[in-house]
Amino acid sequence: MALASVLDSGTLRSGLSGVAGRDFLSLGDFTREEILSLLALALHLKKLGRRGEPTLNGRSLAMIFQKPSTRTRVSFEVAMTQLGGTALFLSGHDLQLGRGETVSDTARVLSRYVDAVMIRTFAQSEVEEFAAAASVPVINGLTDQDHPCQVLADLLTILEVRSQGLKGLKVAFIGDGNNMAQAWLLAAAALGFALDVAAPPGYQPDAAVVRRAGDLAAVSGASLRLLADPEEAARNADVLYTDVWASMGQEAEAAKRRRDLAAYQVDERLAGLAAPDHIFLHCLPAHRGEEVSPAVIDGPHSLVFQQAENRLHAQKAVLLALLGDPGGLAGAWLDAGPED
Ligand code: CP
Ligand code: NVA
């Protein structure tokens, strides 16, 4: 997808400068132009690979993890390394935060050492409290409410394979109305595409997030539907998306969730209802035989590993933009007249 065909370099420049110095807590906080500018920069950085200048020379990212991670941890660390900076892995258990030091004191102290902080934790309010006290950009690396870095990489994957870009896009999220479903609601609402979330009663997305997405959709024109029927959601979808039925922190409920969500597995029958050229996405980690059948996740429509790789490229764009492009890499790209 040629993003330059929908975004001229003036729009890209203002989109990226609109992001500089801000926190990245939810895609719902950003305009369509800002999100598309980040995606265009991510496509450019992916093309550059390791040939880019070490544009974040001397810059540091602190990464606080209160939950496990494979992709988020490694992709942020490699992103900083490839851009010339450093990432520090900080386990919540090892920080004084785990012994009662306040979130805001931790934020104020870390702001004096590092240039940005990424946090993976439980409550969205904790990330917000941290961001309010920090004087450097704060990135949401997943909360119980949202996962904006993941949905940005997902959008990048869609743009790579869909010649018409986001125009006419219909995404179906099937399963638990969890942080990923909510991140999708906010992304669709901000960008103005169609999203169906199919989840059983009791597993629908959080009402406050649905209200916020509804307010944004009223402006963007996004069509958002909360359904109970997975078939209705899957029908003619361009993207089938699912995620685990028991998220981090919900392990004790896993057996009940397996029972309650059994009818929501994305399998060959459900995938047969989607558009013939649909793609299957999953943020991973996946549980084959639960939320997705092996034939779907390992089948020809699945792009889950390209999607996982795109975490790296999308996050490089986020880091460059939030830190104000200190080495001028994005600026040089814009000056040259972006080809992507
Ligand atoms: N998708 C994702 O965020 O993966 P990790 O939990 O491994 O970081
Ligand atoms: N919903 C999952 C996403 C993991 C990337 C969780 O929160 O555990």
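**Q** So what exactly am I meant to see when it comes to the site of ligand 2 here?
**A** The local shell around ligand 2 consists of Leu142, Asn178, Asn179, Asp243, Val244, Ser247, Met248 and Leu284. One of the side-chain nitrogen or oxygen atoms of Asn179 is found 2.8 Å away from a nitrogen atom of ligand 2. Taking Asp243, its side chain carries an N or O atom lying 2.6 Å from a nitrogen atom of ligand 2. Calculation on ligand 2 without its partners gives an accessible area of 270 Å², and the protein chains cover 95% of this total. Considering only residue class, the shell around ligand 2 consists of four nonpolar, three polar and one charged.

**Q** Sorry if this is basic, but what is going on with the side chain of Arg257 here?
**A** The residue Arg257 is located in helix H10 (residues 254-260) in this model. Classification of Arg257 as buried rests on a relative accessible area of 7%. Of note is the side chain of Arg257, whose polar atom sits 2.7 Å from the backbone oxygen of Trp245. Beyond its immediate sequence surroundings of up to four residues, Arg257 is in contact with Asp176, Tyr203, Trp245, Ala246 and Gln250.

**Q** What should I look at first to understand the sheet that holds strand E3 (residues 116-120) in this one?
**A** Strand pairing in a sheet relies on backbone hydrogen bonds, with the paired strands running either antiparallel or parallel. An order of E2-E1-E3-E4 is seen for the four strands of this open sheet, with the pairing classed as parallel. Lying at the two open borders of the sheet, with one neighbouring strand each, are strand E2 (86-91) and strand E4 (138-140). Each strand of the sheet is rotated relative to its neighbour by a mean of 20°, with strand direction disregarded. Sheet analysis places strand E1 (residues 60-65) next to E2, joined by six bridges and oriented parallel. Considered in E2, the bridge of Ser60 is made with Thr86.

Quick notes on the rules
Residues numbered from 1 in each chain as written. Chains lettered and ligands numbered in written order. Predicted model: local features only at pLDDT ≥ 70, side-chain atom pairs only at ≥ 80, totals over all residues. Heavy atoms only, no water. Near = heavy atom within 4 Å. Polar contact = N/O pair within 3.5 Å; in protein donor to acceptor, adjacent residues only side chain to side chain. Areas by Shrake-Rupley, 256 points an atom, 1.4 Å probe, with all protein chains shown as cover. Nonpolar A, V, L, I, M, F, W, Y, C, P; charged D, E, K, R; others polar. Helix = DSSP H or I, 4+ residues; strand = E, 2+ residues; numbered from the N terminus. Buried < 20%, exposed > 50% of the residue type's maximum accessible area, 1.4 Å probe, protein only. Contact = heavy atoms within 4.5 Å. Pairing = 2+ DSSP bridges. Axes fitted to C-alpha atoms, helices over the stretch in contact; angles between N-to-C directions.

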